[in-house]
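So the chains spell out like this:
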Amino acid sequence: MLKIENLKAEIDGIEILKGINLTVNAGEIHAIMGPNGSGKSTLSSVIAGKEEYEVTDGSITFNNEDLLDLAPEERAHEGIFLSFQYPIEIPGISVSNFIKTSLNEQRKFKNLDPIATSELLRLMREKMKLLNIKQGYLSRNMNEGFSGGEKKRNEIFQMAMLNPKLSILDETDSGLDIDALKIVANGVNTLKNNENATIVITHYQRLLDYIVPDYVHILHDGKIVKSGDKNLALEMEEKGYEWITKEKSL
Amino acid sequence: MSLVKSLESYVAKNNLSPEKKKLFASFINQGFPTIKDEEWKYTPLKKIISLDYNINNQTDQTLDATFIKNNSLGLKHKIVFCNGNLLEAPNISGLTVSDFSDFECRINDTNTLLNEALAKNGYTISVESNVTIEEPVEILFFNTLENSFSQYRSIISVMKNSSIKFVEKIYDLSNSNSLVNNFTKILCEENSNIEFNKIQNNTPNSKLIDCMNIFQERNSTALVNTFIFGGDFVRNNLNFEQNGKNCESNMNGISLIDRDQLADNHTFVDHKNAHCRSNEMYKGIYLDKSKGVFNGKIMVRKDAQKIDAFQSNNNLLLSDLSSIDSKPQLEIYADDVKCSHGCTIGQLDQEALFYMRSRGIGVEEAKAVLTYAFTSEVIDKVSISELQKLIRDVLAKKLNVDLDFSLV
């Protein structure tokens, strides 16, 4: 599904990604862990198409299509979804209106008519139930005055509504208490199937108790330095990131 | 021939009353304001008044009902003028409408003076005491005469304990260099309530100078919403005078203009009595080479204690060549008041744009949604759903996107 080869990217002339290789197939969950500044968020931004980052080398293909040629909205139409580490507040537009607009823009791309209001409401109710979201939330302004946990839940709610092929969850666990974490993880697990894939970017192992990855990759200084199964995450947690940095410098 | 010359020649040929002659003479003496005048510093009239206008614009043109409907909000109650002639007035119990427009008003600037001297067209509306008119009344001024200079002059009296809502549209059907000098006086008696909405979405070369003076008695509430979506030139003077305790003056606006259009909102709230409020929220969006001007003056007189006055003016400059001159002007002579003002000028938030694009919303649509979101607070101030819909539709059209901004 996703194939990243020797990806190098920089921002303001500073190289952040220094040759990433990663293959994600349908049905898989990958976790990317790493210390602060290792390039985790840059990687997710580059996949989603944030224009501030300049890709200087390498390639990203998604279902055999060159992703780097596509605008962010086109990547979304192809089925890529980024759950933001810091979701943006948009005063003046309600959650329901925002979701309706994005859903219909994606449908327009697929030559489908706008979604019927009754169908939209039914779908929203179903996904709200899944994420234990209360009524009244739909008419609130997008992320405005939301708590950290509400913002993250809103990201997963959008993911549930848009039904992407590849979801990248950037530090979705930060700012969540344990109950909210369980709800979010349950949502992600329920939406998981053999047709889609998930990349979970996290600092801590905790989230991976609830969203169990097939593969764990350790990112350090812009490169994936170690890959393994879920046990690698446990080992990381135990030994700390210093373990990797030391091992690298040996 | 310049406008002043055309006016002089018109006056020479017509038999004016001595009072009108006197008024016209003072107008000539003062002349149109120039950019040396502080109130007109950013809004040059020079080009506009140098054009050739037809002054004598009386005709008996009529418009058919379907045409009127297509050029209006389609509300049940309408007052329709064509080239100054009253074509239609609503039949509402407690409301009287006539085309009498010869009344006196405090003269506060040159354009008002000219209006008082020579205006022939307009209406008088009177809402009887203790009457609540739920359904809004649409006021339509159409002009079909090419390159015309028209002056409308109207007075609205809302008597004790009454309430009414209006939507006014001044529209040029000749699609030429027309200029309108519109003056409206509103008298709000005790416990009255008025909502007055202005749609200023005129043809590309039309020009409008609009002055509205509102006089409020105690416990009255007045709301004026101004929506500028087009026309070559728009200047609004909106003045509130609070003559009793516990008055509320509210004014809001959205300006969304493009090409080399100019939109100027000058507001003035005169807090002359204690325990009164004013709320002001103007949002401007400027595309291409367009130019916005905002001047919000709030005066709190010596004995006007316990005043709450809020003013905000937020602007989006969506092109490198657009501009806004924004000036809050607070003069406070009382010591127990709450006054605040805020002004922002900026561009669309790039992070928010990326966020929306990552959800599959195209870049133009994302910009349009953010721009709509920027204005939505003001749209919420309108209580007439047909008008809210019109504003959303015009916004989408002006921003060139096929989006329905209405709520799910």
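Residues numbered from 1 in each chain as written. Chains lettered and ligands numbered in written order. Predicted model: local features only at pLDDT ≥ 70, side-chain atom pairs only at ≥ 80, totals over all residues. Heavy atoms only, no water.

Draft legend 1. Examining the overall build of chain A more closely. For chain A, the helix and strand inventory stands at eight helices and 12 strands. By the compact-globule yardstick of 18 Å for 250 residues, chain A fits well, its C-alpha radius of gyration being 18 Å. Expressed along its principal axes, the backbone C-alpha trace of chain A runs to roughly 60 × 40 × 35 Å. Buried residues in chain A amount to 54% of all 250 residues. Restricting the contact set of chain A to residue pairs at least 6 apart, pairs at least 24 apart contribute 69%. Accessible surface, chain A as shown: approximately 11200 Å² in total, 45% of it carbon and sulfur. (Helix = DSSP H or I, 4+ residues; strand = E, 2+ residues; numbered from the N terminus. Rg over C-alpha atoms; globule rule 2.2 N^0.38 Å. Buried < 20%, exposed > 50% of the residue type's maximum accessible area, 1.4 Å probe, protein only. Contact = heavy atoms within 4.5 Å. Areas by Shrake-Rupley, 256 points an atom, 1.4 Å probe, with all protein chains shown as cover.)

Draft legend 2. Fine view of the packing of aromatic side chains. All told, the structure shown has 16 aromatic pairs over all chains when counted by the stated rule. When the centroid spacing of 4.8 Å and the interplanar angle of 85° are considered together, the rings of Phe-84 of chain A and Tyr-355 of chain B count as edge-to-face. Of the two residues, Phe-84 of chain A is situated in the loop between β6 (80-83) and β7 (90-94) and Tyr-355 of chain B in helix α6 (residues 350-357); the pairing between them involves two chains. A single burial state applies to Phe-84 of chain A and to Tyr-355 of chain B, both of which are buried. The interplanar angle of 40° and the centroid separation of 5.7 Å between the aromatic rings of Tyr-137 of chain A and Phe-146 of chain A together place this pair among those described as tilted. By the burial criterion, Tyr-137 of chain A is buried, and Phe-146 of chain A matches it. Members of the aromatic cluster, joined through ring pairs, are Phe-84 and Phe-98 of chain A together with Phe-354 and Tyr-355 of chain B. For the cation-ring pair, Lys-169 of chain B lies above Tyr-171 of chain B, with the distance from its terminal atom to the ring centre recorded as 4.7 Å. When the ring centre of Phe-374 of chain B is taken as reference, the NZ or CZ atom of Lys-283 of chain B above it lies at 4.9 Å. (Phe/Tyr/Trp six-rings, centres within 6.5 Å; stacked < 30°, edge-to-face > 60°. Lys NZ or Arg CZ within 6 Å of the ring centre and 35° of its normal.)

Draft legend 3. Region of the structure containing the interface of chain A and chain B. The interface of chain A with chain B comprises 40 residues on the first partner and 26 residues on the second. When chain A packs against chain B, the two sides together hide about 2500 Å² of surface, and 62% of this comes from carbon and sulfur. For the pair chain A and chain B, the number of links is four salt bridges. In this structure, the salt-bridge partner of Arg-359 of chain B is Glu-155 of chain A, at a minimum N-O distance of 2.7 Å. Applying the counting rule to chain A against chain B returns 13 residue pairs in polar contact (both at pLDDT 80 or more). (Buried area = accessible area lost by both parts, 1.4 Å probe. Salt bridge = Lys/Arg side-chain N within 4 Å of Asp/Glu carboxyl O. Polar contact = N/O pair within 3.5 Å; in protein donor to acceptor, adjacent residues only side chain to side chain.)

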